[in-house]
Structure formats: C-alpha cells, structure tokens
Amino acid sequence: TPRNHRPDEGLGRSRGGLTCKIHLAGEGGCRPLAFLVTPGQWGDAPQFTEVLARIRVARPRGGHARTRPDHVSGDKAYSSRHNRSHLRRRQIKHTIPEPKDQRANRKRRGSKGGRPAGFDSELYKRRNEVERTINRLKHHRAVATRYDKRAYVFHGTITTAAIRLWLRP
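Just so it is clear, the model here is predicted, and its values are computed rather than measured. (Residues numbered from 1 in each chain as written. Predicted model: local features only at pLDDT ≥ 70, side-chain atom pairs only at ≥ 80, totals over all residues. Heavy atoms only, no water.)

### Observations concerning helix 7 (residues 151-167)
Structural remark: α-helix, 3.6 residues per turn; residues separated by three or four positions point the same way. For helix 7, with 17 residues, the first-to-last C-alpha span of 24 Å sits near the 24 Å given by 1.5 Å per residue. Three or more residues of helix 7 are buried, namely A151, F154, T157, I158, A161, A162 and L165. Burial along helix 7 is one-sided: seen end-on, the buried residues are contained in an arc of 135 degrees. The exposed residues of helix 7 that point more than 90 degrees off its buried face are Y152, R164 and L167. On its buried face, helix 7 sits against strand 2 (17-27), strand 3 (31-39), helix 5 (128-137) and helix 6 (141-145). (Helix = DSSP H or I, 4+ residues; strand = E, 2+ residues; numbered from the N terminus. Expected span 1.5 Å × (residues − 1). Buried < 20%, exposed > 50% of the residue type's maximum accessible area, 1.4 Å probe, protein only. Arc of directions from axis to C-beta. Contact = heavy atoms within 4.5 Å.)

### A short note on the sheet that holds strand 3
In space, the three strands of this open sheet follow the order 1-2-3, with antiparallel pairing throughout. Since the sheet does not close on itself, it has two edges, and those belong to strand 1 (12-14) and strand 3, each with one partner. Strand-to-strand twist of the sheet, defined as the mean angle between neighbouring strand axes without regard to direction, takes the value 55 degrees. As paired strands, strand 2 and strand 3 are joined by eight bridges and run antiparallel to one another. (Pairing = 2+ DSSP bridges. Axes fitted to C-alpha atoms, helices over the stretch in contact; angles between N-to-C directions.)

### Re the environment of Q102
Mapped onto the elements of the fold, Q102 is located in helix 3 (residues 100-108). Under the relative-accessibility criterion, Q102 is labelled partly exposed at 27%. C-alpha separation for the pair Q102 and S80, spaced 22 residues apart in sequence, amounts to 8.3 Å. What Q102 contacts, discounting residues up to four positions off in sequence, is S79 and S80. Within the structure, Q102 has its side chain in polar contact with the side chain of S79 (distance 2.7 Å). (Polar contact = N/O pair within 3.5 Å; in protein donor to acceptor, adjacent residues only side chain to side chain.)

### Points about the pattern of salt bridges
The final tally for this structure, using the stated rule, is six salt bridges. With a shortest N-O distance of 3.1 Å, K125 and E122 are connected by a salt bridge. Across the pair R127 and E131 runs a salt bridge, and its minimum N-O distance is 3.3 Å. The class of E131 is partly exposed, set by a relative accessible area of 36%. (Salt bridge = Lys/Arg side-chain N within 4 Å of Asp/Glu carboxyl O.)

Next comes the structure, spelled out in structure tokens:
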C-alpha cells in the first residue's frame, strides 16, 4: 500500500478523497465526551460500540467513572442489530431510526423478525447536537483541514479543540 494509505494513520479513501472520519459521542451542550478517528472509508455502525466504550465521566464525589449514558441518539448509519442488542444488554435507552431496508427485512421474517424498534421523534430532534459539536470542532482550522500527517498527532489536535469547547463560557 502507498505510504499515506496506512490504516494506522487514520487516512483512507472516501467520497471526499483521502481523508478521515471523526466518530463522536457528545453531551447535550455540544461538548464531546469521546471520539474515535478512523480512515474515511470505514463505516459508522461498526465504530458505535468503540465510541461508547471510550466514555468516562468522573463522579463529583469520587468512585468509579460513569461509563453508561442515560440515552443515546444516532442517525440511520448507526442502526444495526449488533448496536441495538449492545444497547439493550447495557440497558441504555436509544433513539435510532430504522432504515427502510432493515424494516422491510424485519417484516419479511414475520413473527421471527421481532418487534419494531421504539422511536421518539422529540428526542431525535436533539440528534443534531452531535453534528453541531463536530462543526464546532472544525472551527479549529487544524481539525477541519487535517494538516497533521500522523494519526496520534491529529488525535491530540482534536483533543485540544475538545478541551477548548469544554472551557468556553
């Protein structure tokens, strides 16, 4: 493979050319809780559990860090049986719409297809907070253009931008 195409550098081909993706978990105030950088061609759904596993929120009075959010919202790209079963196992409520093809496959299987996924349209309206968080991270030119060649350096750049988001009034 070409030198700039190594998977450990977080670069890969996508519609926009040689680029990377930032997968993000954020809290309600457009602040990032956890993120993951992957090559541009990697899908969203397989990264879902890894991003959730990176969430660590310290408790004010000490003790183990909180790792389980109260609720998760995501777009159709994060809809998969694996992700839904992971959320069920961890007893995390979620609002992830079911794509038409998955809905049709479930209906085609009849009673073995299971019941429809629950969906709260009011909670789903807040999903745009993650998109706004990524846009705020990209206000930092180094994040938006990815001048950094090495993945670990770019990870540090995103971390610095995330800290600045947390410190703003």
